Structures are given as structure tokens and as C-alpha cells.
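# Examining the three-dimensional arrangement
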Amino acid sequence: MLSFVLRRIGQSVLVLLVVGLVAFSMFNFVGDPIDNMLGQERTQEDIDRLRAQLGLDQPFPVQYVRFLQEAVQGNFGVSYRQGREVSEIILERAPATLELAMISAIFAVVFGIAFGVYTAIRRDGWLANFIMSASLIGVSLPTFLIGILLIYLFSVELGWLPSFGRGEVVDIGWWSTGLLTESGRASLILPSITLGLYQMTLIMRLVRSEMLEVLRQDYIRFARARGLADRSIHFRHALKNTMVPVVTIIGLQLGAIIAFAIITETVFQWPGMGLLFINAVQFVDIPVMAAYLMLIAVMFVVINLIVDILYALIDPRLRGADA
Amino acid sequence: MTETTETRTASIPAKAPTRLRRALDSDLFYAFRRSPVAMVSAAVAALLILAAVFAPLVAPTNPFDPASLNLMNGFTPPGQANAFTGDSFWLGTDDQGRDIFSTILYGLRISLFVGFSAVLLAMVLGIILGLLAGYVGGWTDTIIMRAADVQLTFPSILVAMLIFGIAKGITPVEYRDQMAIWVLILAIGLSDWVQFARVVRGSAMVEKSKDYVAAAQMIGRPSLAIMLRHVLPNVMSPVLVIATISLALAIIAEATLSFLGVGAPPTQPSLGTLIRIGQGFLFSGEWWILFFPACTLLALALAVNLLGDWLRDALNPRLK
């Protein structure tokens, strides 16, 4: 078990090193930092001095190691566009994205499991069929169109919910939350649905197919023969056994939700990290792009690692030599 | 039953059947004729592709020719005559008086061009790397598949955005708008090769151990020829399925990037750019500027998606 965990951690570190190399190369390929820092009236002497001062005359591997040292401490330099520390900007934007992602994940899990169980139990019911067809359309619809559709329906036509921004936020230390005010909660509804819809259909389809598989098993038939109530069979016996793959998918989708927040945040002008990233891409703000890339990489790698380790704990066969 | 058998036997000519005849007699075409969903999807996709290819002939106006534009025609609702000029447009006009129907046709052209080119790039790259990984094996395999793993850690749309950002940084400012379409193709294509590489690698590893490959090796065919002439044709059917599904994904990816403002520029608007433009007018009631491009995108994505699903089932021997 220990060697399995160690090997997985080793692989994760390798992935992070490669992503770090990509992030680091971005600084080198795109523009010359000296150009960005010195004005028009520079002499070759100035350039050489600054180059030596910044360590840019060092060989590539040395510079890379220095970059990694700084990155581990969360130092990605100064944003070209805003002129502030990148870490500071990201820290400021993180609560908005994390809150949105969390609410979306809860929405996706709760409704995904509920719809999945329902469509599996009432397999041929008209409502189950309707949910299944609706989910097919939901998957084909690009996220940004879903967002626009919801805004048009609930903000423009009905006027029930706000169409952009976070509403009023309350600061708790460095964390700002929209959950404590009414306008903050109202502002969360449409973006969370937009962001979580795809994951919801994914979870729903998975739960449904797993449930159908499990309901065919002998122990369910024996439970019925024992005269147990339907409710007890469906939820105590069947649902429990469908949960292993579902938990895996939920774990892996968590990272995807945070990454896909870029689209939702743009549609709803949500002041999170995704909007920050897309603005950075538009204005080629390399430090912000690099930092966001590293952050997402760390998040994905950690989530993957946890899921793998959990898997190995649940299923001993995976601890084998070639896992 | 006997009657049909007789007529079929009778109709088979003595000489070898033509390519068209063979295609029409194939299992795939039979499955196609039996699936209404596939036929409707194919019809919709074909219609949209033809409309895009012949856009200059079909479109009533050229929306990018400033001479044909009249700003007074701006915001004409669909099917109604403009209050100032009396001109009427089938699907209305946008803020600059451009005919929405024409902009959709030209936008469709860009969307489809980017989609097809990106999938082609991903496919060629994926096939080459997949064949190398599967057939050569060893270190080549390890390096290629590790790279694939790292890339799979990220959603492909994020990879595409990143590539777009870097490419934008490298190209000089004055060429950025002209290059945007090519950068977009590169970004989407490079973000999507992993799927192809994995499937080709898997199939190539299976094919490699078969007798016909051993025979080819024994008569001294060079490795490159074995890979391309012998192994490749046998791994093509899953590649086709992935290509179709990837096309739908690439079209949506292009639309998403353009919608986010990191894709096709307003001077060469794709469907996504049109939706981005239309979104600004949704709140003031000019719904048609957004609605019709969105519907076109949806029809295209849905048709290609359903076609891909059908193809996957039809080519899957286990489902027969």
C-alpha cells in the first residue's frame, strides 16, 4: 500500500514539474521581460545589467529551478496588466470561484442522484423518459447558451433573479462570501445551475445505469422475496452499492467544475478566477496565465491522487504491482 | 423471402460491382437506411454544410462588403419592413444593418472550416503519435503516453485557451486578426489529439501481434510502410467514430472560445462571435440577433453529435 501511494505521489510530482516547465517556457517564448521593464531610452549596458540582476543570463535549468522555488512559495511575479502581485489578485478572486463551484457541485450531486434513482426505478414512466430526453438536449447545448437562456428567461423576461455579478458580499477575514446576504444567494442560483447542469446529467446517467445493473442482481431479488419494502430495497440495498463509481466521478468532476467556471463566469460577469484568466488570455498577461495554469494543475493532481488512493483503499486488487 | 433472394441474385452483374454499388450494399448503408435519426441528422448536416460552402451564392447580401450596408437598416426585426428604408430582411438585421441570414451563412463557413481543420489536425497528429507509440513501443511509447496523460489532466477547452493565449502573444499585433482563425485551428487541434492517439495505440498494439504483420516484416517491408499500409487501414473505423464526435466537440469548442472573446475576431465572425455580439442586445429586446445564430449552432452540433453516436453503434461489432 505504502509503495503504491509513494509511486502515485511521484507521478503527480512529475506531472507538476512538466506543467511548471510549460508555465516557465511561456515567460520565455512570449515577449522579452527586459522589453517590458525598460523604457525606450535604454542602452545595451542597461539591458545587460538588468539581465544579470534578474538572473536572465543564467543557463535555462538554473532559471527553471529558481522559477520552481518561487512558484512553490506562491510567487508568480507582477501582473503585466494590473501591476499588482499575481498571488494577491488570485487570492482575492478565489472565494468567488470556490463558492460557485461548491454550490454547483452540491446541485449536481443532489439532483443527479435523485433523478438517476428515479429514472432507474420508474424506467418506463413518462416523466423518466422526459428527464432522459431532456438530459440529452442538455448535454448537446453549449454551456454558454444554457447561461444565456437562463438569463433571458429568469432575468429579462421574468425579472426574478439578477443576471450578473455576485450581489452583496460579506467579508470574513480575507474570504468574501455571498451566502450571507439575500442578493448574494439570489445571484448564485443561475450561475450554479449553468455550471452544474452538465455534471448533473453525467451523474444522473451514471447512477441510472449502475442502479439498473444492481437491481438485476440476485441479492435484490432475494430482498424482494423476503418481503422488504420497495423503499428499503432501493435506497438501503441498491443505491449503496452504486456509490463507488459515483464517488469517483464526483471527485474527478470537481476539478472540471472549477476549470469550466471560466465560461460560466464570463456569461454572468462573475468576479472569480475564471474571468481573471480569460481576461489574462485576451491581454496576454503571462504571469496571471502561468499562475492560473499551475493552480489548476495542483488542484487536478491532488484530486486525482486522492481518488486513486481512495480507490486502492476500497478495492485491494488495485494495489498490485502494475497499478 | 424467396422472391427477394431471387431478384437479388439475378441483379448481380457478372463483372465486379462498382464502388458505388459496393457502398450501397454495405452493412453500414443498410444500418443507415434503417435509422431515421441518422438520416435526419445527415440531411441537416449536409444542408448546413452545403449552405456554408455556397454561402456567396445563397446569401442575399455580402455582410462584409461595406458598400452594401446601410446603417439605417440597423435593428430591423425579422420579416418586417424597416421604418426608414422600407427594406425587409428574412431574419432581421443587427446593429450595423447587416442581414442576419447572410452573417449566419458566412459565420457557418468559418465555424465549419475551423471545426474540420482542427479535427483533421488532431486526427493526423493522433494517428502518427498513436502508431509510433503502439507499433514502436518502448521509450517512444512511454514518452508519448506520458505527454498524453499530462494533457488529459486538463479539460481540452482550457488547453485550447492557453495555446490561443500563447500564440497571440507570439504573433505581432498587426497580424493578430488575420492569424486568429489559424491560431484557433491550432489551439483546438492540439488540445484534441490525445483521444485519437490512445485509440490508435491500443488497436496498433493488437494488430502488431497478428500474423499479417509478422508476414510483412518477414518479407522485409520497412516499418513505416507496415505502419501506414498495413496497420493503419485496420485501425481506421474507431478513428472515424472519434473524428465525427470530435467534430461536434470542435465546433462547440470554437463557438465557446469565440463567444469568450478568445477566438474568431469580429471582422471574421464565426457563429460563436455572432452569439457574443447578439448577447449584448438581448437585454434591450433585439432577441433575433442572438437567437438565429444560436439555433444554427445548436442544429449543427446536435446533428453531428447524433450522427457520431449512430456511427459508433453501427460500427461496433458487439452490438450487432
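This is a predicted model, so every value here is computed, not measured.

Before going further, it helps to spend a moment on the overall build of chain B. Secondary structure assignment for chain B yields 15 helices and zero strands. When contacts within chain B are restricted to residue pairs at least 6 apart in sequence, those whose partners lie at least 24 apart make up 67%.

To continue, consider the overall build of chain A. Each helix and strand counted, chain A has twelve helices and two strands in total. The N-to-C order of helical and strand elements in chain A reads α-α-α-α-α-α-α-β-β-α-α-α-α-α. Reported as C-alpha extents along the three principal axes, the dimensions of chain A are approximately 90 × 60 × 35 Å. Across the 323 residues in chain A, those meeting the buried criterion constitute 34%. Nonlocal contacts in chain A, meaning residues at least 24 apart in sequence, comprise 70% of its contacts between residues at least 6 apart.

For the rest of this paragraph, the subject is the nonpolar core. Judged by nonpolar contacts, the single largest core of 155 residues is most densely connected at Phe277(A), Met289(A), Leu293(A), Phe164(B) and Leu184(B). No other element matches helix α6 (residues 100-136) of chain B, which puts 18 residues into this core. Not counting residues within four places of it along the chain, the set of residues in contact with Leu293(A) comprises Val19(A), Ala23(A) and Leu162(B).

The next point concerns the interface of chain A and chain B. The interface of chain A with chain B comprises 31 residues on the first partner and 29 residues on the second. Elements with a minimum of two residues in the side of chain A that touches chain B: α1 (2-29), α7 (143-157), α10 (230-267), α11 (273-282) and α12 (286-314) of chain A. Considering every element that reaches the side of chain A that touches chain B, the biggest residue donor is α12(A), with seven residues. Of the residues contributing to the side of chain A that touches chain B, the split by class is 27 nonpolar, four polar and no charged.

Looking at chain A, the pLDDT average stands at 79 and 92% of residues meet or exceed 70. Looking over chain A, one finds the lowest element-wise mean pLDDT in helix α2 (residues 33-37) of chain A, namely 63, and the highest in helix α5 (residues 86-121) of chain A, namely 86.

Attention shifts here to the packing of α7(A) against α10(A). Residues and elements named next belong to chain A. At a closest axis distance of 9 Å, the pairing of α7 and α10 adopts a crossing angle of 30°. With respect to α10, the axis of α7 lies roughly parallel. Note on packing geometry: the crossing formed by α7 with α10 is right-handed. Facing α7, whose interface residues are Thr-143, Phe-144, Gly-147 and Ile-148, α10 presents Phe-260, Ile-263, Thr-264 and Val-267. In the contact of α7 with α10, the residues fall into five nonpolar, three polar and no charged.

Low-pLDDT portions of the prediction should not be read for the details of their coordinates. Residues and elements named next belong to chain B. With 85% of its residues at a pLDDT of 70 or more, chain B shows a mean pLDDT of 79. Of all helices and strands in chain B, the one with the weakest mean pLDDT is helix α1 (residues 2-11) (46), whereas α6 scores best (89). Scored as a whole, the predicted complex attains pTM 0.79, and scored at its interfaces, ipTM 0.75.

With that settled, consider unusual backbone geometry. Unlike most non-glycine residues, Gln269(A) shows phi in positive territory, near 50°. Mapped onto the fold, Gln269(A) is located in the loop between α10 and α11.

The next point concerns the environment of Tyr118(A). Relative to the helices and strands, Tyr118(A) is located in helix α5. Considered as a pair, Tyr118(A) and Met273(A) are 155 residues apart in the sequence and their alpha carbons are 36 Å apart.

Residues and elements named next belong to chain B. Position of Lys-208 among the secondary structure elements: in helix α10 (residues 193-208). Residue class for Lys-208 comes out partly exposed when judged on the 17 C-beta atoms lying within 10 Å of it. Spatially, the C-alpha atom of Lys-208 lies 9.5 Å from that of Ile-226, the residues being 18 residues apart in sequence. With sequence-adjacent residues up to four places away left out, Lys-208 is seen in contact with Gly-134, Tyr-135 and Val-213.

This part takes up the packing of helix α4 (residues 36-53) of chain B against helix α15 (residues 288-315) of chain B. Residue and element names in this part refer to chain B. Two numbers describe how α4 lies on α15: the axes approach to 8 Å, and their chain directions differ by 135°. Between α4 and α15, the interaxial angle falls into the category oblique. When you trace α4 past α15, the crossing you get is left-handed. On α15, the residues that touch Val-37, Ala-38, Ser-41, Ala-42, Val-44, Ala-45 and Leu-48 of α4 are Ala-299, Leu-300, Ala-303, Val-304, Leu-306, Leu-307 and Trp-310.

Cut-offs applied
- Residues numbered from 1 in each chain as written.
- Chains lettered and ligands numbered in written order.
- Predicted model: local features only at pLDDT ≥ 70, side-chain atom pairs only at ≥ 80, totals over all residues.
- Helix = DSSP H or I, 4+ residues; strand = E, 2+ residues; numbered from the N terminus.
- Contact = placed C-beta atoms within 7 Å.
- Buried ≥ 20, exposed ≤ 12 C-beta atoms within 10 Å, placed from the backbone.
- Core = buried A, V, L, I, M, F, W, Y, C linked by C-beta atoms within 7 Å.
- Nonpolar A, V, L, I, M, F, W, Y, C, P; charged D, E, K, R; others polar.
- pLDDT = per-residue confidence, 0-100.
- Axes fitted to C-alpha atoms, helices over the stretch in contact; angles between N-to-C directions.
- Parallel < 35°, antiparallel > 145°, perpendicular 65-115°, else oblique.
- Left-handed = near helix turned anticlockwise from the far one by under 90°.

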